[in-house]
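# Architecture and fold: a report
For reference, the chains in residue letters:
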Amino acid sequence: MRILEEFWYGNIEPTEYDTLPCAEYKEALQLISRNEEKLQATMTDTQKELFSRYADSVREFQDMAECLLFQNSFRLGARMMLEVMEER
């Protein structure tokens, strides 16, 4: 599945197009940012450093999970396409 990873990480650009996140996505992202700012305002420097490392780890995990989801979704789409093609 190396080609899907290359595609995921932007090393392959089949087309360039704009996609705008939905309103719910934007709202959730704004809420996360506001809550993070409020939380960090109450933290000591040591706690801020620990939280920063935690947040980095969570982001890294999310990147990996999203990549795996992308690969699995692509595989599912390919299987569906093959099944439709076999019906002809």
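Keep in mind that what you see is a predicted model, and the values were worked out from it rather than measured. (Residues numbered from 1 in each chain as written. Predicted model: local features only at pLDDT ≥ 70, side-chain atom pairs only at ≥ 80, totals over all residues. Heavy atoms only, no water.)

### Some details on the overall build of the chain
Along the backbone of the chain there are 3 helices and 0 strands. Listing each helix as α and each strand as β along the chain from the N terminus yields α-α-α. Expressed as a percentage of its 88 residues, the buried residues of the chain come to 7%. (Helix = DSSP H or I, 4+ residues; strand = E, 2+ residues; numbered from the N terminus. Buried < 20%, exposed > 50% of the residue type's maximum accessible area, 1.4 Å probe, protein only.)

### Some details on the layout of surface pockets
When its volume is computed, the largest pocket comes out at roughly 360 Å³. Considering the residues around the largest pocket, the lining is formed by 14 residues, among which Leu29, Ile32, Glu36, Arg59 and Gln62 are closest to the centre. Secondary structure elements with two or more residues in the lining of the largest pocket: α2 (23–41) and α3 (45–87). It is α2 that contributes the most residues to the lining of the largest pocket, 8 residues altogether. Its residues assigned to classes, the lining of the largest pocket comprises 9 nonpolar, 3 polar and 2 charged. (1 Å grid on protein atoms, 1.4 Å probe; cavity = no way out; pocket = protein on both sides within 12 Å on 5 of 7 lines; lining within 4 Å. Points joined across faces, edges and corners; volume = space filled by probe spheres on them. Nonpolar A, V, L, I, M, F, W, Y, C, P; charged D, E, K, R; others polar.)

### Points about the packing of α2 against α3
Two numbers describe a pair of packed helices, the interaxial angle and the distance between the axes. Relative to each other, α2 and α3 sit at 155 degrees, their axes nearing to 10 Å. With respect to α3, the element α2 is oriented roughly antiparallel. Note on packing geometry: the crossing formed by α2 with α3 is right-handed. Residues Glu36, Leu39 and Gln40 of α2 pack against Lys48, Phe51 and Arg59 of α3. Grouping the constituent residues of the contact of α2 with α3 by class yields 2 nonpolar, 1 polar and 3 charged. (Axes fitted to C-alpha atoms, helices over the stretch in contact; angles between N-to-C directions. Parallel < 35°, antiparallel > 145°, perpendicular 65-115°, else oblique. Left-handed = near helix turned anticlockwise from the far one by under 90°. Contact = heavy atoms within 4.5 Å.)

### Regarding the packing of aromatic side chains
Under the defined criterion, the tally for this structure stands at 2 aromatic pairs. Ring geometry for phenylalanine 70 versus phenylalanine 74: centroids 6.3 Å apart, planes at 40 degrees, classification tilted. Taken together, the residues span about one helical turn, with phenylalanine 70 and phenylalanine 74 both in helix α3 at a distance of 4 residues. Residue classification places phenylalanine 74 among the partly exposed residues on the basis of a relative accessible area of 46%. (Phe/Tyr/Trp six-rings, centres within 6.5 Å; stacked < 30°, edge-to-face > 60°.)

### Focus on the pattern of salt bridges
All chains considered together, the criterion is met by 1 salt bridge. Across the salt bridge formed by arginine 59 and aspartate 56, the nearest N and O atoms sit 3.4 Å from each other. Within this pair, arginine 59 and its partner aspartate 56 are both found in helix α3, separated by 3 residues, close to a single helical turn. Residue class for arginine 59 comes out partly exposed when judged on its relative accessible area of 41%. On the basis of relative accessible area, aspartate 56 is assigned to the partly exposed category, the value being 44%. (Salt bridge = Lys/Arg side-chain N within 4 Å of Asp/Glu carboxyl O.)

Read these as spatial facts, not as claims about activity.
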